[in-house]
Amino acid sequence: MATIARPSQAPAPGFAAGRSLLRREGPEKLTGLARYTDDLVVPGAWYGVTIRSTEAHARLLGIERDPAFDWSQVVVVTAADIPGDNVVSLMSDDQPALVADEIRHVAEPVALVAAADAETARAALEHVRLRTEPLPPVVDPLESVRAFARYEIAKGDVAAGFAAADLVVEGTYRVGHQEQLYIENQAMIAIPRGGGGITVQGSLQCPYYVHTALKRALALDDAQAVVVQAETGGGFGGKEEYPSMLAIHAALLARAAGRPVRMIYDRHEDLVATTKRHPAIVTHRTGVTRDGRLVAQDIEVVMDAGAYCTLSPVVLSRGTIHAAGPYVCPNVRIRSRTMATNMLPSGAMRGFGAPQTEFAAEMQVNRIAEALGISPAELRRRWAYRVGDVTATGQVLRDSVAALEVLERATEAAEFERGRARTAAARWARLEGAAGGDGGHVASGIGLALAWHGAGFTGGGELRLASVAGVELTSEGRIRMLTGSTEIGQGANTVLPQLVAETLGVPYEAVEVAPLDTSLVPNSGPTVASRTTMVVGGLLVRAAERLRDEVEAQAGRPFAEAYEDVARACGPVRIDEQFGGYPGIEWDDTTYRGDAYPAYSWACAVAEVEVDLDTGETAVRSVVSADDPGRVVNPVLATGQIEGGTLQAVGYATIEEAKVENGRHLNDRLATYLIPTAMDAPRIEAILVEEPFSGAPHGAKGLGELPMDVVAPAVVAAIHDATGVWIADLPATPEKILAALRAAGSGAKAAAEPAAEPAAEPAADAPPGA
Amino acid sequence: MAAPTATPTETIRFTVNDTPVELDAPGGRRLLDVLRYDLGLTGTKEGCGEGECGACSVLIDGDVVDSCLVPVCQVARHDVRTVEGLADGVRLDPLQSAFLEAGGTQCGICTPGMLMAARAFLASGAEPTDGAIREAIAGNLCRCTGYTKIIEAIALAAGAVPAFRHMPSTGAVRRVAAPPNGGPAIVPSPTLRQALRLLAETGGRPIAGGTDVMVALAARSLPRDGPLLDIWGLEELRGIRLEGDELVLGALTTYAELRRSRVVAEALPVLAEIAATIGAAQIQNRGTVGGNVINASPAGDMLPLLLATESSIVLASVRGERTVPASAFWSGYRRTVRAADELVVRIRIPLVPDRRVRYRKIGTRRALAISKVVMAVAWREDGSTWRDVRIGLGSVAERPIRALGAEAVLEGSRPTTETADRAAAAVEAEIRPIDDVRSTADYRRAVSGRVLRRIVLEAGEAGAR
């Protein structure tokens, strides 16, 4: 349920943005005509499969082929067959496309096989044996001595801050792997072309990441490597970096076989072999005064990067910058590190480090509110950032700060304080009932969290990317926008042309979207980091403005009236716009000081749960979320992002658990890695708050990742409100809740106890769950 | 290595979106593969290949099923409908239009399956409440939308969905052939007599709705102990009826049939309650009681009830029939006393006057969940005293078990707090749960006790009113 008014669907020139125009590729998706990778018919294509390690750490001594198998009917590729560098080019280039000598995690690709049919290719797998010598694995990031990155952010004097504190609250919070669980598995088809070129077509978020990786491993030049995005069935970060690996594999096999090769993962392979969200351990020490002022924050973040670097330094960087939460504090120290282990490499997933650290930050604020006897909403009202406040990196928040606005909107719509009073009354009733009988066994609870999310790449990232996007008036008088931004369900193919249409003053339908093919579209940077609408949308608005001005200068008439004539008379015009920074935004990578992001988006969520005190089972009944993404381009698509992200976060909070044994993921099927069904989904109310970002021409910030930061801590706070126990490790499974209830005494009694009195003396609280 | 001999094929005739199809394929080829790769209808998607995501949902004679779990031989002489059969070319039908307008499709990969499940629901004429819509699409996972706008779209379309548009069929038959070795062969068995003879001769493995066998095939974990034998069409194994003081379920009774049955609603409504907790619509349309019994999973959702009601299982073979009490049927982890030539044909559930039955399943989520603990408790009340107490438990041992110790505590007792506590302690002491990927031994033990305690207390409170 969304509280936005739905404007009329009919498009009108000049008013394309801000309206819920219909998803552009919707009809194809609704009729089954949309072509995802495995839907593409490629004549003569062979089927590729992957030979993977079964050990977490080992030396690879040999790849033995069973002589009883007919190897003439297949092609086999190993590290020795890689024409370029054996790396999946990304940040540190430490990850091989195929293991050459050292196996560093379970399910690491070692060799590839292709055959004319899938059965033969799979049969070949059963006739290959890896000869290895085991090495000791590191499976705990706290035991690892190798860091891929470390950061420290400092503001004020933390020791002095703690000295001024009346109460010190400590807590350690843990979050585990989360699987992106796009419903379309990883898929890629490689097609050899003349002149040594290769085209890969697949399910992916970042065509130019794939392009770079393909060139490097296959030793191709810019023109030889072509990357085409097929319709993509969900990404959530899982198709940010992994498709580069798969594209290299498919291309290697296609080169060896001299024909197209399809590599379509099944769900089992996708679950055991592809990246997941970084697990993290976050420790907080927070100093507050008796009257509820925040005076010191000391935070330590440890992330498990897994076997290779992938994007871990930037995941950690975002997690570090967001770790203190959206609160003013004069004295802050945040130290963080991301450690190498022999686990599956961790990678991008919606939120990118921030959900991990913001879960900890919000847990901490909720526990402090309880300790002080102050409403969690009121405490945040006192602490939350306002315009003019200074963050831990020294950034002055000059505009577009909506922390208080989202807090008020969400708490009001959810009737948070009334809900708290109701659950408190129910606790007392249970306590009194418990004296005479059994009391109730289903407890309701309500919880709150507040979050911020920096839009776009961290620090100097956007300047280094220097993204390009273009708008073209073709000689036939058609308007085409050209970007490397992918449609992955989030609505880029609808929102971006809306912005161009509005700028040009033409109907939305008049703006065509160029096919996502690296030989046709410029590098607009990756489709990640909640950056597309803000950064790429901004470039398109600027490009469209220049095109409009140019045509109007030539014709002396409004663009909409003149452009077809101008095109016919003067030929095609293409305007490319390159990102060159936002005004006044400065960042120093060496000191980690400055404007970490050009702008922040803000969200507040209120969750209501029911917990069965016999079993610890939790039902999340409702989530009310107020989110500020700056100016909203398409309200239906925007609320769709909030609703979907909210449920993904509810899953993260409650049921999505990846159990790992000696580096092997045990939840390796959809029957064991569970995500919420429609019956598990809460009623979701999404409220859009618009606090425009003045640095972008259209005022938009980011949205996609924001719900992932805010919902899990709200759900866990609601579980606490219902049960009296804090679950400091995500997910808050019934197993953990029941264990905590039993440790606290009988479930009914623990749930009935009122909130603790504020601690009067400076004291280190025991970590929750201890 | 000698080239493997090609899997034998058969000719299978059915319709897809009103077009007659004549297919040459091994009978065990997945309907999903036939649609996507043999007929080029790629609107139907694959997300998991084991009936957990619903992306491959299609309709067979109007019932929604996961096409990854349907061996194509079982659609012979039936009507299959896919997403391609909804719109008229590019003109969307009212349900598709509602999805587009409400924002019910994002990445789109779950959309075709979601539309088919929604279509089956709307055609059923059920009241389109929020809860009913959620249940109808619980077998279709979506990772983009949070389901909110999908539910909104289905509610919007309710009442507006027309009968299926019949495609202008020329009557021309589409003749296609699957690629060689496109799936396992399945031996047809048109009558029970033939099935039993084949079973005796080949020692084959019966396949009914495929919700377990097809999953095992996909995982390559099916023991290769003989050919697959199709029993899905055996009318002799269908039907729900009262015989004397027993409720008799044909082995091929589906969970959907249990939920719809008037006989069940009157004689033993808990059966319908249990059926509603199994999988979701797609699984309930194909999964059978006999399959649940013979799959012998310690987590089988029906099995604790069969133990608690002292039901029996009727096995048939060319040698004749024999009846085995449920308490003697499951002999170990996924093992039963069925002989290789025997087929489960019926389940007999004694109906006892004034018997009360309570059932509770603890799963990780509300649909598509394999139980962590499943419990059924049956008893009679003699005044306020409990008699003939029977407790069946699943997922707490290597096979479904009776909790004899707890039964002894409750037998002849009144449902007081003290009794409930003692029964809980007894059940916790007598079960032997394990840690696995779904839960922990500690949790299963504690919850078994607490759920039993709750059932006893609630019965006591109800009695006191």
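In this text the structure is predicted, and so the values were computed from the model without any measurement.

Enquirer: Let's hear about the overall build of chain A: which residues, and what values?
Expert: When helices and strands are counted, chain A shows 19 helices and 27 strands. Expected size for 770 residues packed as a compact globule is a radius of gyration near 27 Å; at 27 Å, chain A falls within 12% of this value. Along the longest, intermediate and shortest principal axes, the C-alpha atoms of chain A span 80 × 80 × 50 Å. Across the 770 residues of chain A, 64% fall into the buried class. Taking the contacts inside chain A whose residues are at least 6 apart along the sequence as the reference set, 82% of them involve residues at least 24 apart.

Enquirer: An account of the overall build of chain B is needed here, citing residue identities and associated values.
Expert: Along chain B, the regular secondary structure elements total 16 helices and 20 strands. Relative to its length of 465 residues, chain B is compact, with a C-alpha radius of gyration of 23 Å against a globular reference of 23 Å. Projected onto the principal axes, the alpha-carbon positions of chain B cover approximately 70 × 55 × 45 Å. Within the span of chain B, comprising 465 residues, buried residues form 58% of the whole.

Enquirer: Go over unusual backbone geometry, please, and point to the residues and values.
Expert: A cis geometry characterises the amide bond from Leu-730 of chain A onward to Pro-731 of chain A, with omega recorded as -5 degrees. Inspection of the secondary structure puts Pro-731 of chain A in the loop between α17 (706-723) and α18 (734-743). Although it is not a glycine, Leu-368 of chain B adopts a positive phi angle of roughly 50 degrees. Tracing the chain through its elements places Leu-368 of chain B in the loop between β17 (355-362) and β18 (373-382). On the neighbour-count criterion, Leu-368 of chain B (27 C-beta atoms within 10 Å) is buried. If you check the backbone angles, Ser-395 of chain B has positive phi at about 65 degrees while not being a glycine.

Enquirer: Help me get a handle on the sheet that holds strand β8 (residues 205-207) of chain B, residues and values and all.
Expert: Residue and element names in this part refer to chain B. Here three strands make up an open sheet; going across it, the order is β7-β9-β8 and the pairing parallel. What marks the edges here is a single partner per strand, and that holds for β7 (186-188) and β8. Neighbour-to-neighbour, the strand axes of this sheet turn through a mean angle of 40 degrees, independent of strand direction.

Enquirer: Just give me the short version of the domain arrangement of chain B, but keep the residues and values in it.
Expert: Residue and element names in this part refer to chain B. Assigned domains of chain B: these are domain 1 (8-168), domain 2 (186-230), domain 3 (235-350) and domain 4 (356-464). For the side of domain 1 that touches domain 3, the secondary structure elements donating two or more residues are β4 (63-66) and α3 (111-123). At four residues, β4 tops the list of elements feeding residues into the side of domain 1 that touches domain 3. Its residues placed into classes, the side of domain 1 that touches domain 3 shows seven nonpolar, four polar and two charged.

Enquirer: Explain the sheet that holds strand β8 (residues 167-175) of chain A residue by residue, including any values.
Expert: Residues and elements named next belong to chain A. Spatially, β7-β15-β14-β13-β8 is the arrangement adopted by the five strands of the open sheet, whose pairing is mixed. Of all the strands in the sheet, the pair left with one neighbour each is β7 (147-155) and β8. Direction aside, neighbouring strands of the sheet carry axes that sit 5 degrees apart on average. Across eight bridges, the pairing between β7 and strand β15 (residues 332-340) is antiparallel. Across the sheet, residue Ile-153 finds its bridge partner in β15, namely Ile-334. Contacts from helix α8 (residues 354-372) reach β8, β13 (280-288) and β14 (294-306), with the element oriented near 145 degrees to β8.

Enquirer: Break down the packing of helix α13 (residues 492-504) of chain A against helix α14 (residues 532-555) of chain A for me, citing the residues and quoting the values.
Expert: Residue and element names in this part refer to chain A. Relative orientation of the contacting elements α13 and α14 amounts to 30 degrees, with a least axis distance of 8 Å. On the basis of the axis angle, α13 is roughly parallel to α14. Crossing geometry of α13 relative to α14 is assigned as right-handed. Between α13 and α14, the residues in contact are Ala-492, Val-495, Leu-496, Leu-499, Val-500, Thr-503 and Leu-504 and Thr-532, Thr-533, Val-536, Gly-537, Leu-540, Val-541, Ala-544, Glu-545 and Arg-548, respectively. Here the contact of α13 with α14 is built from residues that sort into 10 nonpolar, four polar and two charged.

Enquirer: I'd like a rundown of helix α1 (residues 31-38) of chain B, residues and numbers included.
Expert: Burial analysis of α1 of chain B places seven of its eight residues in the buried class, the great majority of the element. Against β2 (19-25), β3 (57-60) and β6 (174-177) of chain B lie the buried residues of α1 of chain B.

Enquirer: Go over the domain arrangement of chain A, please, and point to the residues and values.
Expert: Residue and element names in this part refer to chain A. Here chain A is described as being made up of domain 1 (26-34 + 467-579), domain 2 (46-137 + 184-273) and domain 3 (401-456 + 599-753). Computed over C-alpha atoms only, the centres of domain 1 and domain 2 are separated by 35 Å. Taken together, the contact between domain 1 and domain 2 spans 13 residues of the former and 17 residues of the latter. Its residues placed into classes, the side of domain 1 that touches domain 2 shows five nonpolar, seven polar and one charged.

Enquirer: Could you give an account of the confidence of the model for chain A, naming the residues involved and the relevant values?
Expert: Residues and elements named next belong to chain A. For chain A, mean pLDDT is 94; residues scoring 70 or higher make up 94% of the total. Of the regions scoring below 50 in pLDDT, residues 1-14 engages in 27 contacts with residues more than four places distant in sequence or in other chains. Here residues 747-770 is modelled with pLDDT under 50, and outside its nearest four sequence neighbours on either side it reaches 63 contacts, counting other chains as well.

Enquirer: I'd like to hear about the pairing of strand β18 (residues 479-482) of chain A, residue by residue, with values.
Expert: Put simply, side chains in a regular strand alternate between the two faces of the sheet. Residue and element names in this part refer to chain A. Burial along β18 is two-sided: the residues Ile-479 and Met-481 and Arg-480 and Leu-482 are all buried. Two strands pair when backbone bridges link them, and strand β17 (residues 468-473) and β18 are joined in this way by four bridges, in the antiparallel orientation. Opposite Val-471, over in β18, you have Met-481 as the bridge partner. In this antiparallel pair of consecutive strands, β17 and β18, the connection spans five residues, and Gly-477 shows a positive phi of 85 degrees. Each parallel crossover has a hand, and for β18 linked through α13 to strand β19 (residues 511-513) it is right-handed.

Enquirer: I'd like a description of α13 of chain A, backed by residues and values.
Expert: Residues and elements named next belong to chain A. The end-to-end C-alpha distance of α13 is 18 Å, a good match for the 18 Å that 13 residues give at a rise of 1.5 Å each. Among the 13 residues in α13, 12 count as buried, and that is most of the element. Every buried residue of α13 is listed here: Ala-492, Thr-494, Val-495, Leu-496, Pro-497, Gln-498, Leu-499, Val-500, Ala-501, Glu-502, Thr-503 and Leu-504. Once α13 ends, the next one or two residues include Gly-505, with phi positive near 70 degrees.

Enquirer: Explain the packing of helix α2 (residues 94-102) of chain B against helix α5 (residues 148-157) of chain B to me, using residue names and the numbers behind them.
Expert: All names here are of chain B. Interaxial distance between α2 and α5 falls to 8 Å at its minimum, and their mutual angle equals 140 degrees. Regarding the angle of α2 to α5, the classification is oblique. α2 and α5 meet at a crossing whose hand is right-handed. Contacts from Pro-94, Leu-95, Ala-98, Phe-99 and Ala-102 in α2 reach Lys-149, Glu-152, Ala-153, Leu-156 and Ala-157 in α5. A breakdown of the residues in the contact of α2 with α5 according to their chemical character gives eight nonpolar, no polar and two charged.

Enquirer: Tell me about the interface of chain A and chain B, residues and numbers included.
Expert: With 64 residues of chain A at the interface, the matching set in chain B holds 64 residues. With eight residues, helix α16 (residues 635-654) of chain A is the largest single contributor of residues to the side of chain A that touches chain B. When its residues are assigned to classes, the side of chain A that touches chain B shows 28 nonpolar, 17 polar and 19 charged.

Enquirer: Got a sec to walk through the pairing of strand β16 (residues 343-350) of chain B? Specific residues and values, please.
Expert: All names here are of chain B. β16 sits mainly inside the fold: seven of its eight residues count as buried. Pairing analysis gives five bridges linking strand β11 (residues 246-250) to β16, with the strands arranged antiparallel. Note that in β16 the partner of Glu-246 across the bridge is Pro-350. Bridge count for strand β12 (residues 312-317) against β16 is five bridges, and the pairing is antiparallel.

Enquirer: Any details on the environment of Lys-701 of chain A? Residues and values, ideally.
Expert: Residues and elements named next belong to chain A. In this structure, Lys-701 sits in the loop between β27 (683-688) and α17. Classification of Lys-701 as buried rests on a count of 31 C-beta atoms within 10 Å. Lys-701 sits 248 residues away from His-453 along the chain, and the two C-alpha atoms are 9.7 Å apart. Excluding residues within four positions of it along the chain, Lys-701 makes contact with Ser-400, Ala-455, Met-534, Ala-599, Ser-601, Pro-629, Gly-630 and Phe-693.

Enquirer: Tell me what's going on with the environment of Glu-432 of chain A, and back it up with residues and numbers.
Expert: Residue and element names in this part refer to chain A. Among the structural elements, Glu-432 can be located in helix α11 (residues 416-436). Looking at Glu-432, the number of C-beta atoms within 10 Å reads 12, which means it is exposed. Residues Glu-432 and Gly-477 lie 45 residues apart in sequence; the distance between their C-alpha atoms is 77 Å.

Enquirer: An account of the environment of Val-293 of chain B is needed here, citing residue identities and associated values.
Expert: All names here are of chain B. Structurally, Val-293 can be placed in helix α12 (residues 289-295). For Val-293, a count of 24 C-beta atoms within 10 Å gives the class buried. Excluding residues within four positions of it along the chain, Val-293 makes contact with Ile-313, Val-344 and Ile-347.

Enquirer: Lay out the confidence of the model for chain B in plain terms, naming residues and giving numbers.
Expert: Within chain B, residue pLDDT values average 94, and 95% of them lie at 70 or more. Scored as a whole, the predicted complex attains pTM 0.96, and scored at its interfaces, ipTM 0.96.

Reading the values: rules and limits
Residues numbered from 1 in each chain as written. Chains lettered and ligands numbered in written order. Predicted model: local features only at pLDDT ≥ 70, side-chain atom pairs only at ≥ 80, totals over all residues. Helix = DSSP H or I, 4+ residues; strand = E, 2+ residues; numbered from the N terminus. Rg over C-alpha atoms; globule rule 2.2 N^0.38 Å. Buried ≥ 20, exposed ≤ 12 C-beta atoms within 10 Å, placed from the backbone. Contact = placed C-beta atoms within 7 Å. Pairing = 2+ DSSP bridges. Axes fitted to C-alpha atoms, helices over the stretch in contact; angles between N-to-C directions. Domains from an automatic or database assignment. Nonpolar A, V, L, I, M, F, W, Y, C, P; charged D, E, K, R; others polar. Parallel < 35°, antiparallel > 145°, perpendicular 65-115°, else oblique. Left-handed = near helix turned anticlockwise from the far one by under 90°. pLDDT = per-residue confidence, 0-100. Right-handed = clockwise from strand over helix to strand, strands pointing away. Expected span 1.5 Å × (residues − 1).

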